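# Structural features, examined
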Amino acid sequence: MHGLLAALPDDELPAYVYDLAHLREHVRTIRAALPDRVELLYAAKANSDPRILHTLAEHVHGFEVASGGELDHVRAIVPRAPIAFGGPGKTQWELIRALDARAERLHIESEHELRLLATLLGGRNVDVLLRVDLPVHVGRVALAMGGGPFGMDPVQLDRCLEVMESVPGVRLRGLHFHLASGLQARPHLLLVDEVLAWAESWARDRGVDLREVNVGGGMGVDYTHPSGLYDWPALGAGLRRILARHPHLTLRIEPGRSVTAYCGRYVTQVLDIKSSRGQAFAVLRGGTHHLRTPAAKQHDQPFEVIPDDTWRRPWNRPEVRDEPVTLVGQLCTPKDVLASRIVVERLRVGDRVAFAMAGAYAWNISHHAFLMHPHPTFHHLDDTGTPVADGTYAGRPS
Ligand SMILES: *Cc1c(COP(=O)(O)O)cnc(C)c1O
């Protein structure tokens, strides 16, 4: 990997490098840890790069999309993959698209949305999950979704049941929950247990035939410990125990970040190094307009230095040695920080820096029009670690 990143030509930098072989191995491990009665969907909003979707398609049940744009994209890239369409504020156009595209599931976010959907059926059937905003305690997590605009209050569910009585084309398969992001396996299992107990008792009281519960994504990714993965074996074993108590239920999960975060790197180069009021700064080509993750999550993006010994200027290149340095980008804002006060052995102008864990919520959440710098190039490595066919995917997107 190191050698490959060092071999990228300078004019290809900054570059996103996606390791598809690593991704394939990772998703296989996830799938193998889960019981058969758990269907694994990938939340496309984490990263919908076409080759990533292709790689995942062989190992997941389907894809969760959160907009009409994602729906069209996923359908075009992996036409046969089942699609679950969720997310708040679906437009009439998006609901029609989901019906036309025969989305496998629609995750309904409100009574109004259900009523709107009912007017658009035109004789078609659609399988839905009602998304519930269950008031449970999720503990300390990166992102709590409850008590907001996501899903519906449990009292609204009964109104939805009434609406569905008069609209036979809308078939209720079960309930959907996505209550938090950044959960670790053990607290996650407690949450799933609580959610399923509530769902079963809700269904029993209403005489609803509950076939399916989607418990969402949110499996934690620890950016301070790149090798400390979410405990999929513990989740799998726990779900097996829980499912034994719910013999007629199929469970679904729809992780995003924990699937693709690890396969991506953002590789760039040190343009300048300076010291200001006793603090060292390395200015990198690119920045948070390409990799917004550290700004969005307020963390230090883990990185590795790839030394470049080809210095040809007649002066000594600026460097830092065994001292803390703040890695910033080219934007004219103090918020353009990728990693703050990290001690490095040595970092010199011209050296490369490869930021790890840049495969999810990275390029696709970045404000890349700001300042009009060139976009990164995109590279995909196959099983042998060599770039796939054309080396880059569609070059620099415009
Ligand atoms: C974003 C989202 C996910 C994926 O969350 P991750 O934290 O990336 O695993 C799953 N389900 C829904 C409804 C979401 O909004």
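Residues numbered from 1 in each chain as written. Predicted model: local features only at pLDDT ≥ 70, side-chain atom pairs only at ≥ 80, totals over all residues. Heavy atoms only, no water.

## Remarks on the overall build of the chain
To keep it simple, the criterion reads: By definition, any uninterrupted DSSP run of H or I lasting at least four residues is a helix, any uninterrupted run of E lasting at least two residues is a strand, and each is numbered from the N terminus. Based on C-alpha atoms, the radius of gyration is set beside the globule rule, defined as 2.2 Å times the residue count to the power 0.38. Contact definition: two residues touch when any of their heavy atoms are within 4.5 Å. In this description, accessible areas are obtained by the Shrake-Rupley approach with a 1.4 Å probe, and a residue is regarded as covered only by the protein chains that are shown.
Summing up its helical and strand segments, the chain has 11 helices and 19 strands in all. In terms of overall dimensions, the chain is globule-like: its C-alpha atoms have a radius of gyration of 23 Å, near the 21 Å expected for 398 residues. Expressed as lengths along the three principal axes of its C-alpha atoms, the size of the chain is roughly 80 × 40 × 40 Å. Considering only contacts in the chain between residues 6 or more positions apart, those separated by 24 or more positions represent 71%. Accessible surface for the chain amounts to roughly 17,900 Å². Of this, 52% is attributable to carbon and sulfur atoms.

## Here's the deal with the site of the ligand
Heads up, the rule is: Only a single heavy atom is needed: when it lies within 4 Å of a molecule or strand, its residue is near that molecule or strand. For this analysis, a polar contact is any N or O atom pair within 3.5 Å, provided that within protein one partner can donate a hydrogen and the other can accept it, and provided that sequence-adjacent residues contribute only side-chain to side-chain pairs. In this analysis, the protein atoms alone were mapped onto a 1 Å grid. Cavities are point sets where a 1.4 Å probe fits without being able to get out; pockets are open sets with protein on both sides within 12 Å along at least five of seven lines; lining residues have an atom within 4 Å of a point. In this scheme, a molecule is assigned to a cavity or pocket if more than half of its atoms are within 2 Å of the grid points.
The environment of the ligand is formed by 14 residues, the closest being Lys45, Gly218, Glu254, Arg257 and Tyr361. The separation between an oxygen atom of the ligand and a polar side-chain atom of Ser181 is 2.9 Å. The contact in question runs from an oxygen atom of the ligand to an N or O atom on the backbone of Arg257, over 2.8 Å. Considered on its own, the ligand offers 380 Å² of accessible surface; in the complex 92% of this is hidden by protein. When atom positions are compared with the pocket grids, the ligand is found to occupy the largest pocket.

## Observations concerning the environment of Asp158
Structurally, Asp158 can be placed in helix α7 (residues 154-165). Spatially, the C-alpha atoms of Asp158 and His73 are 34 Å apart, while their sequence positions differ by 85 residues. In contact with Asp158, not counting residues within four places along its chain, are Trp202 and Arg206.

## Observations concerning empty space enclosed by the protein
This is how it is decided: Grid points are joined across faces, edges and corners, and a volume is the space filled by probe spheres set on the points. Three classes are used: nonpolar for Ala, Val, Leu, Ile, Met, Phe, Trp, Tyr, Cys and Pro, charged for Asp, Glu, Lys and Arg, and polar for all others, with Gly counted as polar.
Evaluated as defined, the whole model comprises 2 cavities of 30 Å³ or more. Put simply, the largest cavity is a space of about 70 Å³. Lining the largest cavity are Phe177, Leu179, Ala180, Leu183, His188, Leu191, Val192, Val195, Val215 and Gly217. When residues of the lining of the largest cavity are assigned to their parent elements, the largest contribution, 4 residues, is made by helix α8 (residues 185-206). Grouping the constituent residues of the lining of the largest cavity by class yields 8 nonpolar, 2 polar and no charged. Arg131, Val132, Asp133, Met145, Gly146, Phe150, Gly151, Phe177, His178 and Leu179 are the residues that line the second largest cavity. Taken together, the residues that form the lining of the second largest cavity break down as 5 nonpolar, 3 polar and 2 charged.

## Things to note about the pairing of strand β15 (residues 319-328)
This is how the line gets drawn: Pairing between strands is defined by DSSP: at least two bridges between the two strands are required.
In terms of strand pairing, strand β13 (residues 279-284) meets β15 through 4 bridges, oriented parallel. If you follow Ala282 over to β15, its bridge partner there is Leu327. Across 8 bridges, the pairing between β15 and strand β16 (residues 337-348) is antiparallel. Across the sheet, the residue bridging to Leu327 is Ala339, located in β16.

## Quick word on the packing of helix α2 (residues 20-33) against helix α3 (residues 50-57)
Counted only if it meets this: Lines are fitted to the C-alpha atoms to define the axes, a helix being fitted only along its stretch in contact, and any angle between axes, read from their N-to-C directions, falls within 0 to 180 degrees. By definition, any crossing whose near helix is turned counterclockwise from its far helix by less than a right angle is left-handed, and any crossing with a clockwise turn is right-handed.
For the pair α2 and α3, the least separation of the axes is 9 Å and the interaxial angle reads 35 degrees. Our pair here, α2 against α3, has a crossing hand that is right-handed. For the pair α2 and α3, contact is made by Leu20, Leu23, Arg24 and Val27 and by Arg51, Ile52, Thr55 and Leu56, respectively. Along the lines of polarity and charge, the residues of the contact of α2 with α3 split into 5 nonpolar, 1 polar and 2 charged.

## Remarks on the packing of aromatic side chains
Just so we agree on the cut-off: Aromatic rings from Phe, Tyr and Trp, with only the six-membered ring used for Trp, were paired whenever their centres fell within 6.5 Å, and each pair was classed as stacked if the ring planes differed by under 30 degrees, edge-to-face if by over 60, and tilted otherwise. Residue exposure (1.4 Å probe, protein chains only): buried if accessible area is under 20% of the type maximum, exposed if over 50%, otherwise partly exposed. For a Lys NZ or an Arg CZ to count as sitting over a ring, it must be within 6 Å of the ring centre and within 35 degrees of the ring normal.
Considering all chains together, one arrives at 13 aromatic pairs under this definition. With 5.6 Å between their ring centres and 70 degrees between their planes, Trp363 and Phe378 make a pair best called edge-to-face. Within this pair, whereas Trp363 is found in the loop between β17 (352-355) and β18 (377-381), its partner Phe378 is found in strand β18, the two being separated by 15 residues in sequence. For Phe378, a relative accessible area of 6% puts it in the buried group. Counting every residue linked through ring pairs, the aromatic cluster contains Tyr16, Tyr18, Tyr266, Phe303, Phe355, Trp363 and Phe378. Cation over ring: Lys90 sits above Phe85, and NZ or CZ is 5.7 Å from the ring centre.

## Considerations on the UniProt feature "modified residue: N6-(pyridoxal phosphate)lysine" (unreviewed entry) in the chain
Applied cut-off: UniProt positions are given in the numbering used here, feature names are shortened, and annotations may be inferred rather than shown by experiment.
Mapped onto the present numbering, the UniProt feature "modified residue: N6-(pyridoxal phosphate)lysine" (unreviewed entry) falls on Lys45. With respect to the element layout, Lys45 can be found in the loop between β2 (38-43) and α3. You can call Lys45 partly exposed: its relative accessible area is 38%. Those residues in contact with Lys45 that sit more than four places away from it in its chain are Glu70, Tyr361 and Asn364.

## Structural notes on the pattern of salt bridges
Definition in use: A side-chain nitrogen of Lys or Arg and a carboxyl oxygen of Asp or Glu constitute a salt bridge if their distance falls within 4 Å.
For the structure shown, the criterion picks out 24 salt bridges. Of the charged contacts in the structure, one is a salt bridge between Asp72 and Arg97, with a shortest N-O distance of 2.4 Å. In this pair, Asp72 sits in helix α4 (residues 68-77) while Arg97 sits in helix α5 (residues 92-100), placing the two residues 25 residues apart along the sequence. Residue Arg348 is joined to Asp309 by a salt bridge in which the shortest nitrogen-to-oxygen separation is 2.9 Å. With a gap of 39 residues between them, Arg348 in strand β16 and Asp309 in the loop between β14 (303-306) and β15 connect regions that are remote in the sequence. With a relative accessible area of 61%, Asp309 lands in the exposed category. The network of salt bridges with shared partners includes Glu39, Glu104, Arg105, Asp127, Arg171, Arg173, Glu212 and Arg252.

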